[in-house]
Amino acid sequence: MKDEKRFETRVIHEGYESTQHFDSLAPPLYQTSTYTFANAKQGEHRFAGEEAGYIYSRLGNPTVSILEQRMASLEGGEGALGFGSGMAAVSAVLFSLTKTGDHILCSQGVYGCTFGLLQLLEEKFAITHDFSSMSTEDEIRSRIHENTSCIYVETPINPTMQLIDLEVVVKVAHEKGIPVVVDNTFCSPYLQRPLELGCDIVIHSATKYIGGHGDVIAGVVVGTQEKMSEIRMTTQKDIGGIISPFDAWLLLRGLKTLAVRMDRHCESAEKIADLLVKHPAIEKVIYPGHSNHPQHAIMKKQMKKAGGMISFTIKGSKEEAQKVMDDLQMIKIAVSLGDAETLIQHPATMTHAVVPEEYRMKMGIDDNLLRLSVGLEAPEDIWKDLEQALNKACSHGLTTVSEMK
Ligand SMILES: *Cc1c(COP(=O)(O)O)cnc(C)c1O
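Quick caveat: nothing in here was measured; it's all calculated off a predicted structure. (Residues numbered from 1 in each chain as written. Predicted model: local features only at pLDDT ≥ 70, side-chain atom pairs only at ≥ 80, totals over all residues. Heavy atoms only, no water.)

**Quick look at the sheet that holds strand β12 (residues 369-373)**
In step 1: Spatial ordering of the open sheet is given by β8-β9-β12-β11-β10, a layout of five strands whose pairing is mixed. Looking at which strands have only one partner, the edges of the open sheet turn out to be β8 (282-286) and β10 (332-333).
In step 2: Where β10 and strand β11 (residues 343-345) come together, two bridges link them in parallel fashion. Each bridged residue has a counterpart across the sheet, and for isoleucine 333 the counterpart in β11 is isoleucine 344.
In step 3: Of the strands in this sheet, β8, β9 (309-314) and β12 touch helix α11 (residues 258-278), which is tilted by about 15 degrees from β9. (Pairing = 2+ DSSP bridges. Helix = DSSP H or I, 4+ residues; strand = E, 2+ residues; numbered from the N terminus. Contact = heavy atoms within 4.5 Å. Axes fitted to C-alpha atoms, helices over the stretch in contact; angles between N-to-C directions.)

See below:
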């Protein structure tokens, strides 16, 4: 019954029944650490798992449960878990899927701190990893070892905006019984639902599009009920990176507008990407919505729209790229993404500064690359700001006429 409603409806209603909460329209914030038992026997039964009910908020909280049900539904999974950050989610999943001596196969690019976590797993626990373009079945097959216990994918890859065909990854992984984990942060479930393509676990930095307002750090994991229960009672419970009830409440609030926000992010990004291509200060624009993007066909196959993120290189050096950032007036210089405000950052010295230079170059994170998270402001104003900063960058005095009236 519940899954008959459309996505745009489920972001608002799923997992919440007001009659169970004093008819409160908005989901209540259960700001409590623990729960009282009517008597000692009830406590015994809850701990033994013989009676349903909350015990302690590291193990579960009613506000967090609403969020988890809603996210499970939106991603098309059976269950979900809320975490205190995207990285708490990533580490809980990787700790759950690996043990000493195992191997993780990773997409060519991953979030900077995920890269850091992979280094740490190798140094401390001898869990090795390889990176792969995952561009063909044979490429993936050739990188899978006897001890590969998980395939970890980001698509689009941050910040190079390369895409990976998830159906191809799933096909090869499942021949060998290896689970596929996808960090779906850049798309949100509105644009891409990896579980529907056969992937096994989805991770979000809910800090980004899920929250959408730049006021919360959080993470979410979605998958089968069995896997979620296992993580809840092991790497979530015992490492303890849970989400706070208040942050879950903020995410529930943010989720209500996810569909309308994503439509606007995508629509504006498309306009900005088209205008960037024509600007003389720009060397290259990387946007999956452009027909000359190398994986444009994959975008059309597995994403609803091309997303709100654009990467571009300017004709110039690192210093000139930084000057463009400094010349912006409305657009904020900040890492993170998916907020109402348009944000720009310099991956080589910011989000991907931890990645060794040689590997960064191999990934295509050049010193003149900038990453733009297109916000919800009027696209005309976003472009006006970008255009004036780029015009200043045209050292040879090029002037351009605004294309957007
Ligand atoms: C931000 C981000 C993370 C980490 O999430 P936090 O909420 O900052 O811990 C992981 N993956 C991607 C793709 C991200 O953008």
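**Describing the sheet that holds strand β3 (residues 128-132)**
In step 1: Pairing is mixed in the open sheet, where seven strands are placed in the order β1-β7-β6-β5-β4-β2-β3. Looking at strand neighbours, the two that pair on one side only are β1 (79-83) and β3, the edges of this open sheet. Between one strand axis and the next, the sheet turns through 20 degrees on average, direction left out of account.
In step 2: Both strand β4 (residues 148-154) and strand β5 (residues 180-183) contribute to a ladder of four bridges, which runs parallel. Bridging across to β5, tyrosine 152 finds its partner in valine 181.
In step 3: This element, helix α3 (residues 62-75), spans β1, β6 (201-205) and β7 (219-223) of the sheet and lies at about 125 degrees to β1.
In step 4: In the packing of helix α9 (residues 225-239) onto the sheet, the strands contacted are β1, β6 and β7, and the crossing angle to β1 comes to about 25 degrees.

**A word on the site of the ligand**
In step 1: Around the ligand, a shell composed of Ser85, Gly86, Met87, Tyr111, Asp183, Thr185, Ser205, Thr207, Lys208, Ile217, Ala218 and Leu337 is seen.
In step 2: The separation between an oxygen atom of the ligand and a polar main-chain atom of methionine 87 is 2.9 Å.
In step 3: Within the side chain of serine 205, a nitrogen or oxygen atom sits 2.8 Å from an oxygen atom of the ligand.
In step 4: Look at the ligand: alone it shows 380 Å² of surface, and the protein chains cover 93% of it. (Near = heavy atom within 4 Å. Polar contact = N/O pair within 3.5 Å; in protein donor to acceptor, adjacent residues only side chain to side chain. Areas by Shrake-Rupley, 256 points an atom, 1.4 Å probe, with all protein chains shown as cover.)

**Things to note about the pairing of β7**
Note on strand geometry: in a regular strand, side chains alternate between the two faces of the sheet.
In step 1: Summarising burial for β7: five of the five residues are buried, a large majority.
In step 2: Neither face of β7 is exposed, since Gly219, Val221 and Gly223 on one face and Val220 and Val222 on the opposite face are all buried.
In step 3: Of the pairings in the sheet, the one linking β1 to β7 comprises five bridges and is antiparallel in character. What sits directly across from glycine 79, in β7, is glycine 223. (Buried < 20%, exposed > 50% of the residue type's maximum accessible area, 1.4 Å probe, protein only.)

**Some words on the pattern of salt bridges**
Opposite charge on two side chains permits pairing when their charged atoms draw close.
In step 1: Inspection of the entire model under this criterion finds 16 salt bridges.
In step 2: For glutamate 51, the salt bridge goes to arginine 46, with nearest N and O atoms at 3.1 Å.
In step 3: The class of glutamate 51 is partly exposed, set by a relative accessible area of 27%.
In step 4: With relative accessibility at 16%, the residue arginine 46 sits in the buried group.
In step 5: Glutamate 175 is the partner of arginine 141 in a salt bridge, and the nearest nitrogen-oxygen pair spans 3.0 Å. Of this pair, arginine 141 sits in helix α6 (residues 137-143) while glutamate 175 sits in helix α7 (residues 166-175), placing them 34 residues apart in sequence. (Salt bridge = Lys/Arg side-chain N within 4 Å of Asp/Glu carboxyl O.)

**Overview of the side chain of glutamine 236**
In step 1: Assignment of secondary structure puts glutamine 236 in helix α9.
In step 2: In this structure glutamine 236 comes out as buried when scored by relative accessible area, which is 2%.
In step 3: In contact with glutamine 236, not counting residues within four places along its chain, are Leu81, Gly82, Phe83, Ile231, Gly241 and Ile242.

**Some details on a nonpolar patch on the surface**
In step 1: A cluster of nonpolar side chains, contributed by Ile333, Val335 and Met350, occupies part of the molecular surface with about 230 Å² of accessible area.
In step 2: With respect to the helices and strands, the residue methionine 350 is situated in the loop between β11 and α14 (357-363).
In step 3: By relative accessible area, which is 34% here, methionine 350 ends up partly exposed. (Patch = residues over 30% accessible without salt bridge, like charges linked within 9 Å, V, L, I, M, F, W, Y side chains within 5 Å.)

**Things to note about the side chain of aspartate 327**
In step 1: For aspartate 327, the position within the fold is in helix α13 (residues 318-327).
In step 2: Residue classification places aspartate 327 among the buried residues on the basis of a relative accessible area of 16%.
In step 3: Engagement of the side chain of aspartate 327 in a polar contact is seen with the side chain of lysine 323, the distance being 2.7 Å.

**Quick look at the nonpolar core**
In step 1: Core analysis: the biggest nonpolar cluster contains 101 residues, and Tyr152, Leu276, Ile310, Phe312 and Leu386 have the highest contact counts within it.
In step 2: Mapping this core onto the domain boundaries places at least three of its residues in each of domain 1 (7-30 + 61-255) and domain 2 (259-393).
In step 3: Non-local contacts of phenylalanine 312, meaning those with residues more than four positions away in its chain, are made with Leu276, Ile282, Lys284, Val285, Ile344, Asn368, Leu369, Leu370, Leu372 and Leu386.
In step 4: Listed in part, the 18 residues of the second largest apolar core include Leu105, Ile157, Val180 and Cys199. (Core = buried A, V, L, I, M, F, W, Y, C linked by side-chain atoms within 4.5 Å. Domains from an automatic or database assignment.)

**Thoughts on the domain arrangement of the chain**
In step 1: Domain assignment breaks the chain into domain 1 (7-30 + 61-255) and domain 2 (259-393).
In step 2: A C-alpha centroid distance of 24 Å is found between domain 1 and domain 2.
In step 3: In this assembly, 37 residues from domain 1 lie in contact with 38 residues from domain 2.
In step 4: Interface area, domain 1 with domain 2, both sides summed: about 3200 Å², of which 62% is carbon and sulfur.
In step 5: Taken as a group, Tyr190, Leu191 and Tyr209 account for 24% of the area that domain 1 buries against domain 2, more than any other trio of residues on that side.
In step 6: On the surface where domain 1 and domain 2 come into contact, there are two salt bridges.
In step 7: Where lysine 301 meets aspartate 165, a salt bridge forms, and the shortest distance between an N and an O atom there is 2.7 Å.
In step 8: At the level of secondary structure, the elements contributing two or more residues to the side of domain 1 that touches domain 2 comprise α5 (112-125), α7, α8 (188-191) and α10 (245-255).
In step 9: A per-element tally of the side of domain 1 that touches domain 2 places α8 first, with three residues.
In step 10: Each residue belonging to the side of domain 1 that touches domain 2 can be placed in one class, and the counts come to 18 nonpolar, 15 polar and four charged. (Buried area = accessible area lost by both parts, 1.4 Å probe. Nonpolar A, V, L, I, M, F, W, Y, C, P; charged D, E, K, R; others polar.)

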